[in-house]
Amino acid sequence: MTEYEIVVGLEIHCQINTKTKMFCRCSNDSFNEAPNLNVCPVCMGFPGQLPVINAEAVKKGVIAGLALNCNIPRFSKFDRKNYFYPDSPKGYQISQYDKPVAENGEVIVETSQGEKRIGITRLHLEDDAGKLTHTPAGTLCDFNRAGTPLMEIVSDPDIRSIEEASNYAREIQKIMRYVHSSDADMEKGMMRFDLNISLRPMGTNSYGTKVEIKNLNSFQALEKAMEYEIKRQTKELEAGNSISQETRGWNDIENKTVSQRSKEEANDYRYFPEPDLPPLICEQDMVEALRQEFVGELPYQKRQRFQKEFLLSAEEIRILTESRAMADFFEQANSIANNPKTVASFVTTILLKFLNEHELSLTDSKITAIHIGELVKAIDEGTISNNTAKTTVFEAMFETGDLPAKIIEQKGLKQVSDTGLIEELCKKAIDANPKAIEDYKSGNEKALGALVGFIMKESKGQANPGLVNQTLKNLLD
Ligand SMILES: [Zn+2]
């Protein structure tokens, strides 16, 4: 039986998060608008109307290109991609054909097999179509989305597994959010995938016939569509059939891809330079200025640095670098506590659990990086026990937004580390628990637990447990 290699390239559409649409002044946010109100003669393609390039969209596209390690050529241009479909009022899409705004980039993706480089063929700018809703009564057209700015990020056919595809797509989402070029919210359709997939016998170099699966709206759909296609194509090839070059759609309910049409070639679209728009000139000094000001440290670099600087677990690093806000939060907290291990543990476990339970984001919560930093510092200085920090103080910070020092003071939580007082409590415990002492002396170390419990109760949980254990042992041994 032949073993097949999977060859995948992804086209990822990301909506650029500008205030206005790509070529007109309509709002780029029509989620709360009634259908067909967020439109104007330009995005509705009325005759004689002239588009104007949204400079902010170009800027964010260039920044995204830089973040994907692309070259930004001085000259690029817009083209008309001609096709008729009811969601496209102009009868064509304004896109970039042979001269995209960014090209020849790469992204490093982490997988269970190690790091993998995925080449970026190009990133180009275009406008989006409207939205069709199919109902039993007929198909409804909403043009609010028509003309919103998009980036299409095309990868080289470097992807070889479902894991690589999924991690690559997640990395692109992260990068777009890091540089604020797209909110990439999949539930709002701000990020969508087209999958190009073919199979070839392992060890061969020529490509098999590729199938395109359009409009995958979630990571899960991407993974499932790939899984289905791999099985389907393997079965066809094993039966000696050829794969037909076609565009397929993904049926989320039946979990399968379905043939839609035979694949168009570029010349089916009759591309020609958009006559109503000037070429796009990106001068090198402007590109460099954007790189300096907006690109910053990217997820991959941040992961590398966190690993070197803080010696955290892979899982902690993954969580802490999920967004720039999260990474900054951690670093700010750690700059106060100077204890990366404990700070990371507080952020990735306790804080995130609280936020999840209350359905809050990091920025909505009353707990700031300063809270976490001071809390960990208070533990390290022996002011409060780890347990008190995790429970009483944490809950109070979450409720009131007060800093740990104030809460510790108000609630009288300060840990007792006075050696004289601790010794007194220990002696009292020894006198009150003769049975436990007997057990301990006959070799049962665990018997000490009863004494510690007694002391904690006596001190209302404020005795320093480390000190209590040490003092008890000193007294008994
Ligand atoms: Zn408009």
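Given the structure is predicted, the values throughout are model-derived calculations rather than measurements.

### Focus on the overall build of the chain
- Each helix and strand in the chain was counted, giving 15 helices and 15 strands.
- Scaling as 2.2 N^0.38, a compact globule of 477 residues should have a C-alpha radius of gyration of about 23 Å, whereas the chain reaches 30 Å, well beyond that.
- For the chain, the C-alpha atoms occupy an extent of roughly 95 × 60 × 50 Å along the three principal directions.
- Looking at the chain residue by residue over its 477 residues, the buried ones come to 36%.

### Some remarks on the packing of helix α7 (residues 324-337) against helix α9 (residues 369-380)
- Remark: α7 packs on α9, axes separated minimally by 7 Å, with the N-to-C direction vectors making an angle of 35°. α9 is crossed by α7, and the crossing has right-handed handedness. Contacts between α7 and α9 involve Phe329, Gln332, Ala333, Asn334, Ser335, Ile336 and Ala337 from the first element and Ala369, Ile370, Ile372, Gly373, Glu374, Val376, Lys377 and Asp380 from the second.
- When grouped by side-chain class, the residues that make up the contact of α7 with α9 number 8 nonpolar, 4 polar and 3 charged.

### Thoughts on the sheet that holds strand β14 (residues 272-273)
- Strand order in the open sheet formed by 3 strands is β4-β3-β14, with antiparallel pairing between adjacent strands. Sheet topology places β4 (92-95) and β14 at the edges, where each strand pairs with a single neighbour.
- Relative to β4, strand β3 (residues 79-82) is paired through 4 bridges, and the arrangement is antiparallel. Among the inter-strand pairings, Arg80 is bridged to a residue of β4, identified as Ile94.

### Section: the sheet that holds strand β9 (residues 149-155)
- An order of β5-β6-β9-β1-β10-β11-β12-β13 is seen for the 8 strands of this open sheet, with the pairing classed as mixed. Single-partner strands in this sheet number two, and they are β5 (102-111) and β13 (256-262). On average, each strand axis in the sheet is tilted by 30° relative to the strand beside it, whichever way the strands run.
- When strand β1 (residues 4-15) meets β9, the two strands line up antiparallel, connected through 5 bridges. Within β9, the position partnered with Cys14 by the bridge is Met151.

### Some thoughts on the domain arrangement of the chain
- The assigned domain composition of the chain is domain 1 (4-286), domain 2 (297-410) and domain 3 (419-476).
- Centre-to-centre separation of domain 1 and domain 2, based on C-alpha positions: 37 Å.
- The interface is formed by 7 residues belonging to domain 1 together with 5 residues belonging to domain 2.
- Per element, the largest residue contribution to the side of domain 1 that touches domain 2 is 5 residues, and it comes from helix α2 (residues 162-178).
- A breakdown of the residues in the side of domain 1 that touches domain 2 according to their chemical character gives 4 nonpolar, no polar and 3 charged.

### Describing the pairing of β13
- Pairing between strand β12 (residues 246-251) and β13: 6 bridges, direction antiparallel. Following the sheet pairing, Glu246 is matched in β13 by Ser262.
- If you look at the hairpin formed by β12 and β13, you'll find 4 residues sitting between the two strands, and Asn255 has a positive phi there, around 55°.

### Here's the deal with helix α1 (residues 55-67)
- Between its first and last C-alpha, α1 extends 18 Å over 13 residues, near the 18 Å set by a 1.5 Å rise per residue.
- Following α1 by one or two positions, Asn69 adopts a phi angle in the positive range, close to 60°.

### Concerning unusual backbone geometry
- In this model, Leu311 sits at a positive phi of 50°, which is unusual for a non-glycine residue.
- Along the chain, Leu311 turns up in the loop between α5 (299-310) and α6 (314-320).
- A count of 12 C-beta atoms within 10 Å places Leu311 in the exposed class.
- Positive phi, close to 50°, is recorded for Glu359, a residue that is not glycine.

### A look at the pairing of strand β8 (residues 138-142)
- Along β8, only 0 of the 5 residues are buried, which leaves the element largely exposed.
- Pairing of strand β7 (residues 131-135) with β8 involves 5 bridges; the strand directions are antiparallel. Bridging from a neighbouring strand, His134 pairs with Thr139 of β8.
- Counted between consecutive antiparallel strands, the loop separating β7 from β8 contains 2 residues.

### So, helix α14 (residues 448-458)
- All of the buried residues in α14 are Leu448, Leu451 and Ile455. Along the axis of α14, the buried residues cluster in a sector spanning 60°; they form a single face.
- Tucked inside the fold, the buried residues of α14 contact α12 (419-432), α13 (434-441) and α15 (465-476).
- In the stretch just after α14, Lys460 is the one whose phi turns positive, near 55°.

### Regarding the environment of Gln462
- Inspection of the secondary structure assignment puts Gln462 in the loop between α14 and α15.
- For Gln462, a count of 16 C-beta atoms within 10 Å puts it in the partly exposed group.
- Sequence-wise, Gln462 and Ser417 are 45 residues apart; in three dimensions their C-alpha atoms are separated by 8.7 Å.

### Digging into the packing of α12 against α14
- Running from amino to carboxyl end, α12 crosses α14 at an angle of 125°, the nearest separation of the two axes being 9 Å. It follows that α12 is oblique to α14 by the angle criterion. Considering only the axes of α12 and α14, their crossing is right-handed. In this structure, α12 contributes Leu425, Cys426, Lys428, Ala429, Ile430 and Ala432 to the contact, and α14 contributes Leu451, Phe454, Ile455 and Glu458.

Reading the values: the criteria
Residues numbered from 1 in each chain as written. Predicted model: local features only at pLDDT ≥ 70, side-chain atom pairs only at ≥ 80, totals over all residues. Helix = DSSP H or I, 4+ residues; strand = E, 2+ residues; numbered from the N terminus. Rg over C-alpha atoms; globule rule 2.2 N^0.38 Å. Buried ≥ 20, exposed ≤ 12 C-beta atoms within 10 Å, placed from the backbone. Axes fitted to C-alpha atoms, helices over the stretch in contact; angles between N-to-C directions. Left-handed = near helix turned anticlockwise from the far one by under 90°. Contact = placed C-beta atoms within 7 Å. Nonpolar A, V, L, I, M, F, W, Y, C, P; charged D, E, K, R; others polar. Pairing = 2+ DSSP bridges. Domains from an automatic or database assignment. Expected span 1.5 Å × (residues − 1). Arc of directions from axis to C-beta. Parallel < 35°, antiparallel > 145°, perpendicular 65-115°, else oblique.

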